[in-house]
Amino acid sequence: MTFTVAVPVEHQSALGGTLPDALRRRITWASSSPAEVVLGLPGAGRFAACEAWPGLAGAAALVRAGWDRHQDRLAMDRLHDLGRALAAEQDLDRLLERILAEGRALLRAEAGSLYLLKDSPRGPELLFAYTQNERVELPFRRVRIPITRPTIAGRVAATAQPLNLPDVYDLPPDVPYRFDPSFDRAAGYRTTSMLVVPMTDVVGEVLGVLQFINRVETDAQGARRVVPFPEDDEELAQSLAAQAGVALKNMRLRRDIEQLFEAFVDASVGAIESRDPTTSGHSGRVAVLTVSLAEALQRQVRGPYAGVRFTPAQLRELRYASLLHDFGKVGVREEVLVKAKKLPPGRMEVILQRLRQRGLELTLEALSRAWEEGLTFDPARLEALRASHHAEVEEWIALVQSTNEPNVLPVEVKDNLAQLACMGFWHWSGQTVSLLEPEDLVCLQIPRGTLSAAERREIEGHVTHTYRFLSRIPWTRDLSRVPEIAYAHHERLRGTGYPRGLVGDEIPLQSRAMAIADVFDALTASDRPYKGAVPLERSLAILESEAHAGNLDSTLVELFVQARVWQSLHARPDSMLPP
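Numbering of residues starts from 1 in each chain and follows the order in which that chain's sequence is written. The predicted nature of this model means local features are confined to residues of pLDDT at least 70 and side-chain atom pairs, given and counted, to a pLDDT of 80 or more, with totals for whole chains, interfaces and linings taken over all residues. Note that the side-chain values use all heavy atoms of the structure and ignore hydrogens as well as water.

Another point: the sheet that holds strand β4 (residues 45–50). The strand order β2-β1-β3-β4 describes an open sheet built from 4 strands, whose pairing is parallel. The outermost strands of the open sheet, each flanked by one partner alone, are β2 (27–30) and β4. On average, each strand axis in the sheet is inclined to that of its neighbour by 20°, with strand direction left out of account. Strand pairing is assigned whenever DSSP detects at least two bridges linking the two strands. Under the scheme used here, helices are H or I runs from DSSP no shorter than 4 residues and strands are E runs no shorter than 2 residues, and both carry numbers assigned from the N terminus. In terms of strand pairing, strand β3 (residues 35–39) meets β4 through 4 bridges, oriented parallel. Following the sheet pairing, leucine 39 is matched in β4 by cysteine 50. With axes taken as lines fitted to C-alpha atoms, and helix axes fitted only over the stretch in contact, angles between N-to-C directions fall between 0 and 180 degrees.

The structure is reproduced here in structure tokens:
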């Protein structure tokens, strides 16, 4: 911003001669308004104006007053800009550096330090967190200073009152604090003037201390000299410290929220895996694979996804969605969720007991018919009948036991099961009932895996449960898409997925990446009781086959293979919550 003074041409030279060199060098002269100061001319000045010529002394006073207001406006504008910038900053180190750098520029301070208030078992302490000096390289290490020690920064933190010291080596003897010259001695520096202000939040709690050192002024010849900080700088420094305190408090609150989310996600994953211990680690591995694939994706310079970039917040959002993608399984019945065989727990024992009973019943029926025909009791005949029916029962038992495994069901076995379902036994009620309940037959005739159609629909319902659960969480703005991303991880590009049958670009890119990670981990996992681990090469071939069929994103699958994304699992074994 320029400082323009509009005065009649005949007065410009004389007026300039009455002004300090530092001010005169910053003036742009004009012969008409608009201008920051307008004197002896029509028009309004931004900071000062007088249409009648006020005389040389009056004009000089008005120019100086306008300059002071101009400087105040610059400071306020800079404070406002700084406040907006501090509110947007999310990195603590950059925040602290900017607070100190902007404060030094605002106050023309040669150096500065920033302290943060920390709790400790010994009581509150000041952490010497950051320092800057434009003249020398100060020896710096993070140290903690008890607030009870008689240091200048400790005094300001304890009282929440600023200190403006013209010369720290010439302190009054009765003040309860002293200057520590050890930094000066180590660096060959000379601290003189110092302005120290507390950083407080909106309720007045002290969060830290800002310390500005050696206010510098430059004379007409360009020589620098250290001067005390004027009283006006105290108010300016306190305004800066207040803004810095609010920004620091907001950042701490944000970190608290992030830690809360991390703990929540960790506990949620633990809840998922406690319901289904056989898939322990699945959510964490899917998160690592998905984020690694996204990181590889944003390195692409060619192809349909060239130029795709994810911010750190978006990667964190994707990680949370991946970790929680199966949370809805807590709403699935345990006997379905952990079902390792086709029959529900307990049903196999009932069926086998019925088969044994049927064998004995057949033997008894044969003996009864023999006695009705007048045959005498023959132990050999009894043993032969028992052996024959026992062998038949053993064959049926073997059939049921083998069919109960999660294997592909041959056609001939399905026919044998239908025959078995027609067999009966004597129920305790006195009636003859079928060996197999209709639900038993449905389970044993499952063509692949262990789930019936109804049970599979129940399992697939976990995606909707996940979405409903995650949608109720008040995510922060940069995590707002967690429910949406998790909701679509079982969708397929051709619309064959579930639960909504989304097609193509209706599926978020992040969800498409998660789908690949989810399928890959399900194939290669070695902890599933109903299947063995599929070898790596075969698993990759299945992914490529699914991409060729149009179910999975072919570009992402190709990148998954080329970037060897699965190796990220070895780089990050602590895959529950990757950093």
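Alright, that's what it looks like, and here's the rest.
Moving on: the packing of aromatic side chains. A pair of aromatic rings is counted whenever rings of Phe, Tyr or Trp (Trp by its six-membered ring) have centres within 6.5 Å, and the orientation is called stacked for planes under 30 degrees apart, edge-to-face for over 60 and tilted otherwise. Taken as a whole and judged by the stated rule, the model has 14 aromatic pairs. With a centroid separation of 6.3 Å and 35° between ring planes, the pair formed by tyrosine 320 and tryptophan 475 is classed as tilted. With tyrosine 320 in helix α9 (residues 312–323) and tryptophan 475 in the loop between α16 (462–471) and α17 (482–487), this pair connects stretches of sequence that are 155 residues apart. Both residues of the pair, tyrosine 320 and tryptophan 475, count as buried. An aromatic cluster is built from Phe261, Phe264, Tyr320, Phe327, Phe469 and Trp475, whose rings are joined through pairwise contacts. The criterion is that NZ of a Lys, or CZ of an Arg, lies within 6 Å of the ring centre and within 35 degrees of the ring normal, and then a charge sits over that ring. Between the NZ or CZ atom of arginine 500 and the centre of the ring of tyrosine 487, over which it lies, the distance is 3.8 Å. In this scheme, a residue with accessible area under 20% of its type's maximum is buried, one over 50% is exposed, and one in between is partly exposed, where area comes from a 1.4 Å probe on protein chains only.

We now examine the pattern of salt bridges. Any carboxyl oxygen of Asp or Glu that lies within 4 Å of a side-chain nitrogen of Lys or Arg is treated as forming a salt bridge with it. Applying the stated rule across the entire model yields 25 salt bridges. Several salt bridges converge on common partners, so that one network encompasses Arg104, Glu110, Glu134, Arg135 and Arg224.

Core analysis: the largest hydrophobic core is formed by 45 residues, its most contacted members being Trp475, Ile516, Leu543 and Phe560. Sorting elements by how many residues they give to this core places helix α18 (residues 509–524) first, with 9 residues. Whether two residues are in contact is decided by their heavy atoms: any pair within 4.5 Å suffices. Those residues in contact with tryptophan 475, other than ones at most four positions away along the chain, are Phe261, Phe264, Tyr320, Leu324, Leu470, Ser480, Val482 and Pro483. Residues Leu92, Ile99, Leu207 and Ala244 belong to the second largest nonpolar core, which totals 28 residues. Nine residue types can take part in a nonpolar core, namely buried Ala, Val, Leu, Ile, Met, Phe, Trp, Tyr and Cys, and a core is a set of them joined through side-chain atoms within 4.5 Å.

This paragraph deals with the side chain of aspartate 233. Its location among the elements puts aspartate 233 in helix α7 (residues 231–275). What makes aspartate 233 buried here is its relative accessible area of 7%. Separated by 2.8 Å, the side chains of aspartate 233 and arginine 215 make a polar contact. Sequence-distant contacts of aspartate 233, defined by excluding residues within four places in its chain, comprise Leu107, Leu195 and Arg215. Whenever a nitrogen or oxygen atom comes within 3.5 Å of another N or O atom, the pair is scored as a polar contact, on the condition that within protein one atom can donate a hydrogen and the other can accept it, and that pairs from neighbouring residues in sequence are kept only if both atoms are in side chains.

Now for a nonpolar patch on the surface. By definition, no residue in a patch forms a salt bridge, and every one has over 30% relative accessible area; like charges are joined within 9 Å, nonpolar side chains (Val, Leu, Ile, Met, Phe, Trp, Tyr) within 5 Å. Values of accessible area rely on a 1.4 Å probe in the Shrake-Rupley scheme; residue burial ignores everything except the protein chains shown. A surface patch of nonpolar side chains, about 300 Å² in accessible area, is lined by Val202, Val203 and Val246. One can find valine 203 in the loop between β9 (194–200) and β10 (206–218). For valine 203, a relative accessible area of 70% gives the class exposed.

Below, the discussion takes up the confidence of the model for the protein chain. Averaged over all residues, the pLDDT of the protein chain equals 85, while 93% of them reach at least 70. pLDDT is a residue-level measure of predictor confidence that goes from 0 to 100. When pLDDT is averaged over each helix and strand of the protein chain, the minimum, 74, is found for helix α10 (residues 334–337) and the maximum, 96, for α17. In this model, residues 573–579 is a region of pLDDT below 50 whose contacts with residues beyond four sequence positions or in other chains number 18 contacts.

Mapped onto the elements of the fold, alanine 158 is located in helix α5 (residues 152–159). For the pair alanine 158 and leucine 56, spaced 102 residues apart in sequence, the C-alpha to C-alpha distance is 51 Å.

Tracing the chain through its elements places histidine 325 in the loop between α9 and α10. If we skip the residues at most four places from it in the chain, histidine 325 touches His282, Ser283, Val286, His462, Thr466, Ala486, His489, Met514 and Asp518. One polar contact links histidine 325 to aspartate 326, side chain to side chain, over a distance of 3.2 Å.

Counting through the fold element by element, alanine 533 comes out in the loop between α18 and α19 (536–548). Each C-alpha atom of the pair alanine 533 and isoleucine 272 lies 21 Å from the other, and the pair is 261 residues apart in sequence. Contacts of alanine 533, omitting those with residues within four sequence positions, involve Leu523, Thr524, Ala525 and Ser526.

Between serine 33 and the following residue, proline 34, the backbone shows a cis peptide bond with an omega angle of 5°. Assignment of secondary structure puts proline 34 in the loop between β2 and β3. Although it is not a glycine, alanine 160 adopts a positive phi angle of roughly 60°. Within the secondary structure, alanine 160 is located in the loop between α5 and β8 (163–165). Overall, alanine 160 belongs to the partly exposed group, its relative accessible area being 30%.

Attention shifts here to α16. Within α16, the full set of buried residues consists of His462, Val463, Thr464, Thr466 and Leu470. In this fold, the buried residues of α16 make contact with α15 (453–460) and α17.

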